[in-house]
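Inside the fold
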Amino acid sequence: MHRLVFYFSLLLCGISLMTGCVQTPPPRPVEYLPAGFCYLDTVATGVRVDLMYAGYDNFVGRPLEGYKGTRAILRRDTAEAVAKAADMLAKEGLGLLVRDAYRPATAMRDFYAWSKTPDCSMQHKFYPNISKKGIYEGRYIGTTSEHTWGIAVDVTLVNLHSGKELDMGGHVDLLDPSSATDYAGLTPTQRANRQKLRDVMARAGMRNYSKEWWHYFLSPCGLCRVYSFPITDHLVERKQH
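First, a word on scope: everything that follows refers to the structure included in this document. If you're wondering where the values come from, they're calculated on a predicted model, not measured in any experiment. (Residues numbered from 1 in each chain as written. Predicted model: local features only at pLDDT ≥ 70, side-chain atom pairs only at ≥ 80, totals over all residues. Heavy atoms only, no water.)

1. Overview of the packing of aromatic side chains
Convention followed: Working definition: a ring pair exists when centres of Phe, Tyr or Trp rings (six-membered ring for Trp) sit within 6.5 Å. Plane angles under 30 degrees give stacked, over 60 give edge-to-face, the rest tilted. Numbering goes from the N terminus for both helices and strands, where a helix is a DSSP run of H or I of at least four residues and a strand is a run of E of at least two. Using a 1.4 Å probe on the protein chains alone, a residue whose accessible area is under 20% of its type maximum counts as buried, one over 50% counts as exposed, and one in between counts as partly exposed. The rule is short: NZ of Lys or CZ of Arg within 6 Å of the ring centre and within 35 degrees of the ring normal puts a charge over the ring.
All told, the structure shown has 13 aromatic pairs when counted by the stated rule. When the centroid spacing of 5.3 Å and the interplanar angle of 80 degrees are considered together, the rings of Tyr53 and Phe111 count as edge-to-face. Residue Tyr53 is located in the loop between β2 (48-49) and β3 (73-75), and its partner Phe111 is located in helix α3 (residues 105-115); the two are separated by 58 residues in the primary sequence. Of the two residues, Tyr53 and Phe111, both sit in the buried class. With 6.1 Å between their ring centres and 90 degrees between their planes, Trp114 and Tyr127 make a pair best called edge-to-face. You can see Trp114 sitting in helix α3 and its partner Tyr127 sitting in the loop between α4 (123-126) and α5 (132-137), a full 13 residues away along the chain. Tyr127 matches Trp114 in its accessibility class, with the two residues each being buried. Ring-pair connections join several aromatic residues into one group, and the members of that group are Tyr53, Phe59, Tyr67, Phe111, Trp114 and Tyr127. When the ring centre of Trp114 is taken as origin, the NZ or CZ atom of Lys132, which lies over that ring, is 4.1 Å away. Across from the ring centre of Tyr140, 5.2 Å away, lies the NZ or CZ of Lys211, which sits over that ring.

Structure below.
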């Protein structure tokens, strides 16, 4: 009997090979965004996104823990505020470029671990006038952030026709006193551009962090919590009931 079963199994394998039939692995389980979260591009289709911490052009010099995709994720009310700001700017031929949005708590821990290493390879571009220790002492980075709550964006202005960024008096994540929104050493054009960004974001319901002209968060933000789920590009949004 066992021999008969063995030969029958061999026959089935032979038929499968002859017909080209192979067993496929089971489908991957569906992974969901937390309730109330969405991809920014599903709400604000005209907003450009280039997540700096998903690549190498940032003050750490490499992708951060938890950045496994390139799509910006936000709490839906924050995404809607960003979309509102973009709509207002579009009437003037301007748009938004988002460089960071939701940031996993694992990335915040990665920041801190990096700060204890001797690596200063990106100091010349991102923190030329302070030490790595000064990044925390100057409150440019903390142990948590509105980003980990899903209610903050790092953002700049772009010309919709040329695609070029406006002169803001420094790039996003330049950790320097000159990045304070009201820094006294700005040119009239730089000051006007920062003021325009602040005004339109405020009208959309977002507040600026005064030490960083690019950092905005939803205010009031309601009930918030820290999230750690990684950024990937194929999470499914939970349906609203």
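2. Points about the environment of Thr45
Along the polypeptide, Thr45 turns up in the loop between β1 (37-39) and β2. For Thr45, a relative accessible area of 71% corresponds to the exposed category. Considered as a pair, Thr45 and Ala86 are 41 residues apart in the sequence and their alpha carbons are 9.6 Å apart.

3. Observations regarding the nonpolar core
Grouped burial of nonpolar side chains is what soluble globular proteins tend to show. In plain terms, the rule: Grouping buried Ala, Val, Leu, Ile, Met, Phe, Trp, Tyr and Cys residues that are joined through side-chain atoms within 4.5 Å yields what is termed a nonpolar core.
Phe59, Leu96, Val153 and Met201 are the most contacted members of the largest nonpolar core, which totals 62 residues. Elements with a contribution of two residues or more to this core: β1, β3, α2 (76-90), β4 (94-100), α3, β5 (152-159), α6 (188-203) and β7 (215-218). Ranked by residues supplied to this core, first place goes to α2 with eight residues.

4. Thoughts on the sheet that holds strand β6 (residues 206-208)
Worth spelling out the cut-off: In this description, strands pair whenever DSSP reports at least two bridges between them. Any pair of residues with heavy atoms lying within 4.5 Å of one another is described as a contacting pair. For helices, the fitted line uses only the C-alpha atoms of the stretch in contact; every axis is such a line through C-alpha atoms, and the angle between N-to-C directions lies from 0 to 180 degrees.
Spatially, five strands are ordered β2-β4-β5-β7-β6 in an open sheet, and the strand pairing comes out mixed. One side of each edge strand has no neighbouring strand; the edge strands of this open sheet are β2 and β6. Where α2 meets the sheet, its contacts fall on β4, β5, β6 and β7, and the angle it forms with β4 comes to roughly 145 degrees. Set on the sheet, α6 makes contact with β4, β5, β6 and β7; between it and β5 the angle comes to about 125 degrees.

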